[in-house]
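# Geometric and topological summary
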Amino acid sequence: MMPDRRIRVLVAKPGLDGHDRGAKIVARALRDAGMEVIYTGLRQTPEQIAVAALQEDVDAIGISILSGAHNTIVPRICQLLHAEGMQDVLVIVGGIIPDEDIPKLKEAGVSAVFQPGASTEMIVEFIRGHVKQTA
Amino acid sequence: MQKALKPGERNPGKGLPGRPEKFTTLSGVPVETLYTEADLKGFAYSRDLGDPGEFPFTRGIHSTMYQGKLWTMRQFSGFGSPGDTNRRLHYLLAQGQTGLSIAFDLPTLMGYDADHSLAEGEVGKCGVAVSSLADMETLLAGLPLEQVTTSMTINSPAAIVWAMYLVAAEKNGADWKKLSGTTQNDILKEYIAQKEYIFPPAPSMRLVVDSIVFSARETPRWNPISISGYHIREAGSTAVQELAFTLRDGIEYVEWVRRAGLAVDDFAPRLSFFFNSHNDLFEEVAKFRAARKIWARVMRERFGARDPRSWRCRFHTQTAGCSLTAQQPYNNMVRTTIQALAGVLGGSQSLHTNSLDEAWALPTEQTATLALRTQQVIAHESGVAGRVDPLAGSYFVEKLTLETERACYKYFEKIDALGGMVAAVEEGFPQREIHEAAYAYQKAVERREKIIVGVNAFASEEERPVDILVIDENVAKHQRQKLMELKKTRDNARVQSTLETLGGAASTDRNLMPYILECVRSYATLGEMCEVLRRVFGTYEEPAFR
């Protein structure tokens, strides 16, 4: 059953890193695929990201992180989402994430990790297939 | 069998099955099947090339190039604590590296100390953590600073980190007049591409101008800026955009420093550049050659520079990090070799070759050594270092150089019409152009119009065989501890007074370098100085991405 509302995605760029090529390409690809995309801009704290997710009432959050700080930052974002009752929001991560860090991120609540070389098509398909939209 | 092409005959149509329908450079510039003398009508040796070492320097800035002196092998390095990086720098010198290049971690790049809440998870990760003069002293311990040249990749807080270097060198007994090296200090490309900015453009430009003016007086062998296209390319630009935005940034800096009262020949000889070298060998060589030619013209004609040293575009090259793949990482060695070769054939003054594991992490000692060996093989075994501009006269390379030059001047016209680079950045123009190019490239890869071996073709399920460098989380604890001790033992009254004086000077138009140096000498931290400047200058948010 297709929901009436378009899928809403928050593309978030936490941490101090400014390399936003990937985040912007993903944001654009999701838009081209018909989703509504809100891009946080750079250097958002986990708290700011959780607040934006709540206010924008998003179905999914894509976190772009390339600096190696994912083990600290991503679990905190997940915790804050849970605390705000947003456990249904799909969380995906893209960036330079070594294989060995993936289990821990999944345990924290991340549904999928997209590593270097992932295509925008894979990301679009994953979101479409896994997002839980409230009517 | 296909008929042989006659000179001047164009693309005969589709090739055999499996070949692309149309051929372009990596950046999407269409290329013909064959180039002949018909492509170079009106080409004039003395105007378009000139001998090596002669205006317009298309063929190189020195007459004998690498026969006279090899490029500097300068591997970018920095991770963990200042002690960790100090050991790596000593190791690299022992392996035959000829110049130093220091990478700082994100908190340092953004002007935060290791104990700031925003530094959490980032200390020592992407580079070395430096919060104070004490860290800089550890970082440089035992290095022969009057003999080696040191490059530091630092931008928004460049004036502060450079001041730390100068004071640490002075304490080591080195003479400022003999210090040689480079601070990247290129804030415009931060707004355009890498986005490690702190302050708004105007006060940021003032810090750059202050350091260039100070350097012209106090450190005659220092390059106070490295005007960088590297990050522009990494953000997804084309080769032409990389070249055009970088050289237009250079024009902007020259205009600002001249407005501060310096004559062009008093500082232009110390301006240096930094380019990316990607996979398309000929496109890159054409870009490097065009860079020298355009800059020489700009300096002589647009700015009236008289000193031939002002006309020379000296540049560092780094192989393209964005070309490295996480899949089949050993292929990256091959990519890096081709890119390094382009850098050498293009006449770079110094070169960094990436390590094969850098799509995953900072390099290990083993992969960093292999990257250095790649340069040594090119320098000593391939024979290319014995020839000056060996691709000159190739119909294709000359034509591509001319086309690159023309496309670059078109961008200059657009940016001039927008009111210069600062205005163009505030309007989001270069950012948009780069994003469009990056998106088009991504789409081309996904449609398999561009092949990336191991990613969208020839993929395999092989194990990732590389060991990755992992930064110990204890580095952050150690650095925080060190800061706590520093703040207990330094003369805090003196720190307060130097910081207040800096804040006062920041609200005037005085050169800030002497004030920053006083803060550094009192062991005020990077974060404390940046906080003072944030209060006076404010901070920058980029225009929203729609």
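Source: prediction; values computed, not measured. (Residues numbered from 1 in each chain as written. Chains lettered and ligands numbered in written order. Predicted model: local features only at pLDDT ≥ 70, side-chain atom pairs only at ≥ 80, totals over all residues.)

### Quick notes on the overall build of chain A
A tally of regular secondary structure across chain A gives 5 helices and 5 strands. What you see in chain A, going N to C, is helices and strands ordered as β-α-β-α-β-α-β-α-β-α. The globule rule puts the C-alpha radius of gyration for 135 residues at 14 Å, and the 13 Å found for chain A is close to it. Projected onto the principal axes, the alpha-carbon positions of chain A cover approximately 40 × 30 × 25 Å. For chain A, the proportion of its 135 residues judged to be buried stands at 50%. Considering only intrachain contacts with a sequence separation of at least 6, the fraction spanning at least 24 residues in chain A is 74%. (Helix = DSSP H or I, 4+ residues; strand = E, 2+ residues; numbered from the N terminus. Rg over C-alpha atoms; globule rule 2.2 N^0.38 Å. Buried ≥ 20, exposed ≤ 12 C-beta atoms within 10 Å, placed from the backbone. Contact = placed C-beta atoms within 7 Å.)

### Here's the deal with the packing of helix α11 (residues 281–302) of chain B against helix α15 (residues 395–418) of chain B
All names here are of chain B. Orientation of α11 relative to α15, taken along the N-to-C sense of each, is 55 degrees, at an axis distance of 8 Å. Looking at the two axes, α11 sits oblique to α15. Considering the relative orientation of α11 and α15, their crossing is right-handed. Contacts from F282, E283, V285, A286, K287, R289, A290, K293 and I294 of α11 reach α15 at F396, V397, L400, T401, T404, E405 and C408. Across the contact of α11 with α15, the residue classes tally to 9 nonpolar, 2 polar and 5 charged. (Axes fitted to C-alpha atoms, helices over the stretch in contact; angles between N-to-C directions. Parallel < 35°, antiparallel > 145°, perpendicular 65-115°, else oblique. Left-handed = near helix turned anticlockwise from the far one by under 90°. Nonpolar A, V, L, I, M, F, W, Y, C, P; charged D, E, K, R; others polar.)

### Re helix α1 (residues 21–32) of chain A
Residue and element names in this part refer to chain A. End to end, α1 covers 16 Å across 12 residues, agreeing with the expected 16 Å (1.5 Å per residue, within 8%). Counted residue by residue, α1 has 10 buried out of 12 residues, so it is predominantly covered. Buried residues of α1: R21, G22, A23, K24, I25, V26, A27, R28, A29 and L30, and no others. Positive phi shows up at G34, right after α1, with a value of about 95 degrees. (Expected span 1.5 Å × (residues − 1).)

### Observations regarding the interface of chain B and chain A
At the interface, 31 residues of chain B touch 27 residues of chain A. When contributions to the side of chain B that touches chain A are tallied by element, the ones reaching two or more residues are α3 (106–109) and α17 (429–446) of chain B. Counted by class, the side of chain B that touches chain A contains 17 nonpolar, 7 polar and 7 charged residues.

### Some remarks on the pairing of strand β2 (residues 99–103) of chain B
Side-chain direction in a regular strand flips from residue to residue, so the side chains alternate between the two faces of the sheet. Residues and elements named next belong to chain B. For β2, a buried count of 4 out of 5 residues is recorded, marking the element as mostly surrounded by other parts of the structure. Relative to β2, strand β1 (residues 72–77) is paired through 4 bridges, and the arrangement is parallel. Opposite Q75, over in β2, you have L100 as the bridge partner. On the question of chirality, the crossover connecting β1 to the parallel β2 by way of helix α2 (residues 82–94) is right-handed. Of the strand pairs in this sheet, β2 and strand β3 (residues 150–153) are connected by 4 bridges, and their pairing is parallel. Residue S101 lies in a different strand from β3, and its bridge partner there is S151. (Pairing = 2+ DSSP bridges. Right-handed = clockwise from strand over helix to strand, strands pointing away.)

### Things to note about unusual backbone geometry
With an omega of 0 degrees, the peptide bond running from B:F55 to B:P56 counts as cis. In this structure, B:P56 sits in the loop between α1 (45–49) and β1.

### Focus: the confidence of the model for chain B
Within chain B, residue pLDDT values average 94, and 96% of them lie at 70 or more. The ipTM, which scores confidence in the relative placement of chains, is 0.93 for this predicted complex, and the corresponding pTM is 0.95. (pLDDT = per-residue confidence, 0-100.)

### Let's talk about the nonpolar core
In this structure, A:V9, A:A60, B:A163, B:A291, B:I516 and B:M529 are the most contacted members of the largest nonpolar core, which totals 188 residues. Among the elements that make up this core, the one with the highest residue count is helix α5 (residues 158–171) of chain B (11 residues). Look past the residues within four positions of A:V9 in its chain and what remains in contact with it is A:L30, A:M35, A:V37, A:V58, A:D59, A:A60, A:G62 and A:I127. (Core = buried A, V, L, I, M, F, W, Y, C linked by C-beta atoms within 7 Å.)

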